[in-house]
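Read off the chains here:
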Amino acid sequence: MRIRIHFQTTEARIPLNYNYFLSSFIYKRLASQNENFARFLHESGYGKRFKFFTFSQLFFENSKVVGDKIVIFPGRGWWHISSPVVDFVRYMFSSLSEDPVIRVGKTEFFVQSITVEEALPVLSEYNFVMISPLVVSVPEEKNGKLVHRYLHPCEEEFYEAFKKNLYKKYRIFYGKDPEGDVEIIPDWNYIKSRERITKRIKLKDVFVRAVVFPFRMRGDRKLVEIGYETGFGEKNSMGFGMVALKENKP
């Protein structure tokens, strides 16, 4: 399930790297409804790894980037939150209805409406755009330590790691292996037309490298759906890997 939150903006400044603030905000809102559920998700998660939720970047009607800040002007804003766990969505919906404010650090945005989005339709092929950056990596030894090597869609390993992550989510959520497979087809025209599609994003004291590009996907609908609702790739609960159907792009 996915919800779209419409909010009002006033003149404000927020950090360019605000993912950590939004993730913390979500856990606090969950705790206001069910503290045990919030603690389980934060400390353990499903399969002791996956949180099974994601969120988009914030979209503003009128804003600009100045240095390491986003300067926001009066207008409207949008934010998407998604999870295949019904209780998660129910708790977030209830909390935002009771206290209709989104807080990013000390900045507050006032919620005007919350909409439950339609389920992923049945299609032979899905045309996705990213509404939050995508992180795909493989472990690599460097100076005797395991580190993340972040992957780009130009690398063959990208697709293997992308699908491996998706299959793990499916197995943990449904308790069985997927029945089919999926194929990911990047929009190469978009990628070639851009100087770069990578983004270096700071999460607290760590930097990650993500990518942003449209892609098509076909294959097992249930596999596509678990990625659509929980996020594709890694670090979903920090606001990575959320997509929208191209025709529904915010």
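These figures come from a predicted structure and were not determined experimentally.

Caption draft 1: Structural context of the overall build of the protein. Check the secondary structure of the protein and you find six helices and 17 strands. Its C-alpha atoms give the protein a radius of gyration of 18 Å, within 12% of the compact-globule value 18 Å for 250 residues. Per-residue burial over the protein gives 49% buried out of 250 residues. In the protein, the proportion of contacts linking residues at least 24 apart, taken out of those at least 6 apart, comes to 74%. Within the structure as shown, the protein displays about 12,900 Å² of accessible surface, and the carbon and sulfur contribution to it stands at 49%. Side chains of the protein carry 39 positive and 30 negative charges; the gap between the two charge centres is 5 Å.

Caption draft 2: Structural detail: the sheet that holds strand β16 (residues 215-219). Strand order in the open sheet made by the four strands is β13-β16-β10-β17, with antiparallel pairing throughout. Looking at the sheet topology across the chains shown, the edges are occupied by β13 (182-186) and β17 (243-245). Averaged over all neighbouring strand pairs, the angle between strand axes comes to 35°, with direction disregarded. Relative to β16, β13 runs antiparallel, the two sharing five bridges. Within the sheet, the bridge partner assigned to Glu183 lies in β16 and is Arg218. On top of the sheet, helix α4 (residues 156-174) reaches β13 and β16; it is set at about 135° to β13, its chief contact. Against the sheet, helix α6 (residues 221-230) contacts β10 (126-130), β13, β16 and β17, and its axis sits at roughly 15° relative to β10.

Caption draft 3: Structural view of the environment of Arg39. Mapped onto the elements, Arg39 comes out in helix α2 (residues 35-43). The exposure class of Arg39 is partly exposed, given its relative accessible area of 36%.

Caption draft 4: Fine view of the packing of helix α1 (residues 19-33) against α2. Remark: α1 packs on α2, axes separated minimally by 6 Å, with the N-to-C direction vectors making an angle of 145°. Contact residues: α1 offers Tyr27, Leu30, Ala31 and Gln33, while α2 offers Glu35, Phe37, Ala38, Leu41 and His42. Counted by class, the contact of α1 with α2 contains six nonpolar, two polar and one charged residues.

Caption draft 5: Seen up close, the sheet that holds strand β2 (residues 12-15). Overall, antiparallel pairing links the three strands, which are arranged β2-β6-β5 in an open sheet. Since the sheet does not close on itself, it has two edges, and those belong to β2 and β5 (63-66), each with one partner. Averaged over all pairs of adjacent strands, the angle between their axes in this sheet comes to 25°, without regard to strand direction. Strand direction decides the pairing type here: β5 and strand β6 (residues 69-72), joined by four bridges, are antiparallel. In the sheet register, Val65 faces β6, and the bridge partner there is Ile70.

Caption draft 6: Broad picture of the environment of Glu140. Secondary-structure assignment places Glu140 in strand β11 (residues 137-142). What makes Glu140 partly exposed here is its relative accessible area of 33%. For the pair Glu140 and Gly233, spaced 93 residues apart in the sequence, the C-alpha separation amounts to 17 Å. When residues no more than four places from it in sequence are discounted, the contact partners of Glu140 are Lys145, Leu146, Val147 and Arg149. Reaching out from Glu140, the side chain makes a polar contact with the side chain of Arg149 at a distance of 2.8 Å.

Caption draft 7: Structural detail: the packing of aromatic side chains. Applying the stated criterion across every chain yields a total of 25 aromatic pairs. Seen in terms of ring centroids, Phe50 and Phe52 are 5.9 Å apart; in terms of plane orientation they differ by 35°. Their pairing is tilted. With relative accessibility at 8%, the residue Phe50 sits in the buried group. With 5.4 Å between their ring centres and 20° between their planes, Phe162 and Phe232 make a pair best called stacked.

Caption draft 8: Spotlight on the pattern of salt bridges. Throughout the structure, instances matching the rule amount to 17 salt bridges. Glu157 is the salt-bridge partner of Arg149, the closest N and O atoms lying 2.6 Å from each other. Arg149 gets classed as partly exposed once you look at its relative accessible area, which sits at 23%. With a relative accessible area of 36%, Glu157 lands in the partly exposed category. Where Asp177 meets Arg171, a salt bridge forms, and the shortest distance between an N and an O atom there is 2.7 Å. Put simply, Arg29, Asp99, Arg103 and Glu108 are held in one network by salt bridges that share partners.

Rules of the game
- Residues numbered from 1 in each chain as written.
- Predicted model: local features only at pLDDT ≥ 70, side-chain atom pairs only at ≥ 80, totals over all residues.
- Heavy atoms only, no water.
- Helix = DSSP H or I, 4+ residues; strand = E, 2+ residues; numbered from the N terminus.
- Rg over C-alpha atoms; globule rule 2.2 N^0.38 Å.
- Buried < 20%, exposed > 50% of the residue type's maximum accessible area, 1.4 Å probe, protein only.
- Contact = heavy atoms within 4.5 Å.
- Areas by Shrake-Rupley, 256 points an atom, 1.4 Å probe, with all protein chains shown as cover.
- Lys, Arg positive; Asp, Glu negative; His and termini not counted.
- Charge placed at Lys NZ, Arg CZ, Asp CG, Glu CD.
- Pairing = 2+ DSSP bridges.
- Axes fitted to C-alpha atoms, helices over the stretch in contact; angles between N-to-C directions.
- Nonpolar A, V, L, I, M, F, W, Y, C, P; charged D, E, K, R; others polar.
- Polar contact = N/O pair within 3.5 Å; in protein donor to acceptor, adjacent residues only side chain to side chain.
- Phe/Tyr/Trp six-rings, centres within 6.5 Å; stacked < 30°, edge-to-face > 60°.
- Salt bridge = Lys/Arg side-chain N within 4 Å of Asp/Glu carboxyl O.

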